[in-house]
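Take a look at the letters that make up each chain.
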2 protein chains.
Amino acid sequence: MPDQMRAITLARRPNGDPVSEDFAFVEAAVPVPEEGEIVVACSHLSLDPYMRGRMDDVKSYAPSVEIGGIMTGQGVGRVIASRAEGFSEGDLVTGMTGWASHARLPGKEARALDDRLPPSTALGVLGMPGFTAWVGLQEFAAMQAGETLAVAAATGPVGSMVGQLARAAGLRSIGIAGGAEKTRLLTETFGFDAALDHRSFDDARGLRAALADAAPDGIDIYWENVGGTVLEATLPLMNTHGRIVVCGTIAWYGGVDLSGPDKLPGLWRAVLVKRLSINGMIVFDHWHRFREFTETIGPKVAAGEIAYLEDIAHGLDAMPEAFIGMLKGANTGKQIVAL
Amino acid sequence: MPDQMRAITLARRPNGDPVSEDFAFVEAAVPVPEEGEIVVACSHLSLDPYMRGRMDDVKSYAPSVEIGGIMTGQGVGRVIASRAEGFSEGDLVTGMTGWASHARLPGKEARALDDRLPPSTALGVLGMPGFTAWVGLQEFAAMQAGETLAVAAATGPVGSMVGQLARAAGLRSIGIAGGAEKTRLLTETFGFDAALDHRSFDDARGLRAALADAAPDGIDIYWENVGGTVLEATLPLMNTHGRIVVCGTIAWYGGVDLSGPDKLPGLWRAVLVKRLSINGMIVFDHWHRFREFTETIGPKVAAGEIAYLEDIAHGLDAMPEAFIGMLKGANTGKQIVAL
């Protein structure tokens, strides 16, 4: 068992897009478990868009990371010391380890993993992102065969699951991504019925025209991962009784341009005239269905029936840049850091 | 039976707020019923905010009134000639008569009324507005005793029903209206727990502070009748898992000021962080529950357990001005024209 662990802390709050100077590396002694706890040596750490919100000192659904505190996040690793019932050295587990090589966790906040699946899947396709897609569709999308669904950030671990589940339910699925390579993956790897590269359009109007072509019957469900231009393009194409699941607004995480016309009245008119149903979702409200998710989707992933992509950075030193890049869409698939 | 009838047509499309020149009066022969039809002599005509939308040539949930066409609307009256099964001369009925002294209707589009209740109630408390409130709360508000509901245009036939149903369900009800007299009625006549006069505040910020005082536990349900400043004031006070029922946006019917900051990103953030549920509703989607409504609420109105206010203008000649005034909030209670 090593003596020292490394971790990444929040050095200062970002001003817009995060930069590497917003993070700091610290070393400390590997912790020793207290009664009921385990210590984990992390093999894989998760990077997720929600982490950007935790860097701000703004009241949100979860507390901010404090300056000097370890960046929050999920990790996977093996137990190296246990004083918690049900956990032994060598067990593969996941939990909120933070951005760190090692973590001490209460046993009841850790979850044992099936050793037969790649450990990293617990962070993506079978972790929080995959579950977000599954439970959000179940709770808020009311999918009907023959309908049309659109989702952006569609090669990401949420969007790609949304698209595949929609297609499996008999919907027409339209994926939007940034860049030609990702757009190619949408149809080839994830089976979207249509794929659009939002970078190939000058503005929302151009994207909207392409979306209208791709959705000849209009859009019944819009899964909102991004906000911004994609939202602007999609809204007028929503069908009567359409549903919007608001899961993230990554386009606005680095700051929002509030100039220009007020788009709220237009949205409100659409909500009324088209009787839209808009629901915000945070996955933390839905953990009680996580077991149902893994029991339903786990076998499909094991059988290769659900595709997923991972973008793996190597080493804790690479983590801040991987995060900064992810917020700009530089990754392809679920962003993971392997230690 | 008179020979001539009078009606009001759309003379031209309004530019912003309607003016009297947008309407024209026409005379015609009183129609004769064809097989399956009735002819009604109207005693009461309804004025409702939705009619403003029908004057524009904009795609919406219902067709526009054509230039030269009779203004659309509901009326109550007695059958003066019938070739429809189930209807006899003298029956009290309601249907989409338009702004007219007489109307020819298919029997299956008319509804017989209980002669023991005042005929005008079929246009307000027991008509479309009352039903809108009842069915909207049933379908989209998920009211829980102990929660707080806010509604504007709260002396109106929708808002006053929303408030009374919320209070009866054990919620704290906050009503917003324009002017001291209406604000007084909110507590005295309709039993709202708190009442605010939106005209007594300079801006959304002032109204928000008063709303925050009136809603010490935050707002769980916002019934949207108006849009504009009230929406801006309310949104930041919504509780996690709050519900917004978008029923109307009367503040924006005469034209929308799109200048100034874009408020859509702020809304979207609230939807996400607070997991809001926003549903647009149009009463026409819900007619299948109308009988349930009249059976539930009719006896309560007859017993005086539900209060309602009517603002009655007299004669077809007064109808355009009554409509123009209603859009500016000049009426108190359900606006009706008695012929």
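Because the structure is a prediction, the values reported are computed rather than measured. (Residues numbered from 1 in each chain as written. Chains lettered and ligands numbered in written order. Predicted model: local features only at pLDDT ≥ 70, side-chain atom pairs only at ≥ 80, totals over all residues.)

A look at the overall build of chain A
- From N to C terminus, chain A includes nine helices and 15 strands.
- Relative to the globule expectation of 20 Å for 339 residues, the C-alpha radius of gyration of chain A, 20 Å, shows essentially globular dimensions.
- The dimensions of chain A, computed from C-alpha atoms along their principal axes, are 60 × 45 × 35 Å.
- Put simply, chain A has 339 residues, and 50% of those count as buried.
- Within chain A, counting contacts between residues at least 6 apart in sequence, those at least 24 apart form 66% of the total. (Helix = DSSP H or I, 4+ residues; strand = E, 2+ residues; numbered from the N terminus. Rg over C-alpha atoms; globule rule 2.2 N^0.38 Å. Buried ≥ 20, exposed ≤ 12 C-beta atoms within 10 Å, placed from the backbone. Contact = placed C-beta atoms within 7 Å.)

Focus: the interface of chain B and chain A
- Contacts between chain B and chain A engage 30 residues on the former and 30 residues on the latter.
- Contributions of two or more residues to the side of chain B that touches chain A are made by α7 (264-273) and β13 (277-280) of chain B.
- Take the side of chain B that touches chain A: its biggest share by element is eight residues, from α7(B).
- Grouping the constituent residues of the side of chain B that touches chain A by class yields 17 nonpolar, seven polar and six charged.
- As paired elements, strand β13 (residues 277-280) of chain A and β13(B) share three bridges and run antiparallel to each other. Following the sheet pairing, S277(A) is matched in β13(B) by N279(B). (Nonpolar A, V, L, I, M, F, W, Y, C, P; charged D, E, K, R; others polar. Pairing = 2+ DSSP bridges.)

Some words on the domain arrangement of chain A
Residues and elements named next belong to chain A.
- If you check the domain split of chain A, you get domain 1 (4-124 + 310-338) and domain 2 (128-283).
- Using only C-alpha atoms to locate each centre, domain 1 and domain 2 end up separated by 29 Å.
- Each side of the interface is counted separately: domain 1 has 13 residues, and domain 2 has 14 residues. (Domains from an automatic or database assignment.)

Points about helix α4 (residues 180-188) of chain B
Residues and elements named next belong to chain B.
- Of the positions making up α4, those classed as buried are K182, T183, L185 and L186. Projected onto a plane normal to the axis of α4, the buried residues spread over an arc of 155° and lie on a single side. Of the exposed residues in α4, those oriented more than 90 degrees away from the buried face are A180, E181 and E188.
- For α4, the elements touching its buried residues are β9 (172-177) and β10 (194-197). (Arc of directions from axis to C-beta.)

Brief notes about the environment of G86(B)
All names here are of chain B.
- Mapped onto the fold, G86 is located in the loop between β4 (75-82) and β5 (92-95).
- Overall, the presence of 11 C-beta atoms within 10 Å leaves G86 in the exposed class.
- Between the alpha carbons of G86 and G107 there is a distance of 8.1 Å; along the sequence they are 21 residues apart.

A few points about the environment of V337(A)
All names here are of chain A.
- Relative to the helices and strands, V337 is located in strand β15 (residues 334-338).
- A tally of 28 C-beta atoms within 10 Å means that V337 is categorised as buried.
- Sequence separation of V337 and A303 is 34 residues, and the distance between their C-alpha atoms is 25 Å.
- For V337, the residues in contact, after removing those within four places along its chain, are L45, L47, A313, L316, A318, M319 and A322.

Some remarks on the packing of helix α2 (residues 128-141) of chain A against helix α3 (residues 157-168) of chain A
All names here are of chain A.
- Taken N-terminus to C-terminus, the directions of α2 and α3 make an angle of 40°; their axes are 8 Å apart at the nearest point. As the angle between them shows, α2 and α3 are arranged oblique. Our pair here, α2 against α3, has a crossing hand that is right-handed. Residues P129, G130, T132, A133, W134 and L137 of α2 lie in contact with α3, whose contacting residues are P157, V158, M161, V162 and L165.
- Class assignment of the residues belonging to the contact of α2 with α3 gives a composition of nine nonpolar, two polar and no charged. (Axes fitted to C-alpha atoms, helices over the stretch in contact; angles between N-to-C directions. Parallel < 35°, antiparallel > 145°, perpendicular 65-115°, else oblique. Left-handed = near helix turned anticlockwise from the far one by under 90°.)

Observations concerning α7(B)
- Of all the residues in α7(B), the buried ones are L264(B), P265(B), L267(B), W268(B), V271(B) and L272(B). All buried residues of α7(B) lie within an arc of 160° about the axis, which places them on one face of the element.
- Tucked into the core, α7(B) has its buried residues touching β12 (238-246), α7 (264-273) and β13 of chain A together with β13 of chain B.
- Downstream of α7(B) by one or two residues, R275(B) has phi in the positive range, about 50°.

Focus: unusual backbone geometry
All names here are of chain A.
- Backbone geometry at A142 places phi at a positive 45°, although glycine is not the residue there.
- With respect to the helices and strands, A142 occurs in the loop between α2 and β8 (148-151).
- Classification of A142 by C-beta neighbours within 10 Å gives partly exposed; the count is 13.

Some thoughts on the sheet that holds β12(A)
- If you walk across this open sheet you meet the twelve strands as β10(A)-β9(A)-β8(A)-β11(A)-β12(A)-β13(A)-β13(B)-β12(B)-β11(B)-β8(B)-β9(B)-β10(B), and the pairing is mixed. The sheet terminates laterally at β10 (194-197) of chain A together with β10 of chain B, the two strands that pair on one side only. For this sheet the average axis-to-axis angle between neighbouring strands, irrespective of direction, equals 15°.
- Judged from the three bridges that link them, strand β8 (residues 148-151) of chain B and strand β11 (residues 219-224) of chain B form a sheet pairing that is parallel. By the bridge assignment, A150(B) is partnered in β11(B) with Y222(B).
- Contacts from helix α2 (residues 128-141) of chain B reach β11, β12 (238-246) and β13 of chain B, with the element oriented near 140° to β12(B).
- Sitting on the sheet, α4(B) touches β9 and β10 of chain B, and the angle it makes with β10(B) is about 170°.

Structural notes on the relation of the copies chain B and chain A
- The two copies are related by a screw motion: chain B maps onto chain A through a turn of 180° and a shift of 0.0 Å along the axis, at an RMSD of 0.0 Å. What the rotation and shift describe, once combined, is the action of a two-fold rotation axis. In terms of proximity to the rotation axis, the leading residue of chain B is D262(B), whose C-alpha is 1.9 Å off the axis.
- Mapped onto chain A, 100% of the interface residues of chain B again fall at the interface, so both copies present the same surface. (Least-squares fit on C-alpha atoms with pLDDT ≥ 70 in both.)

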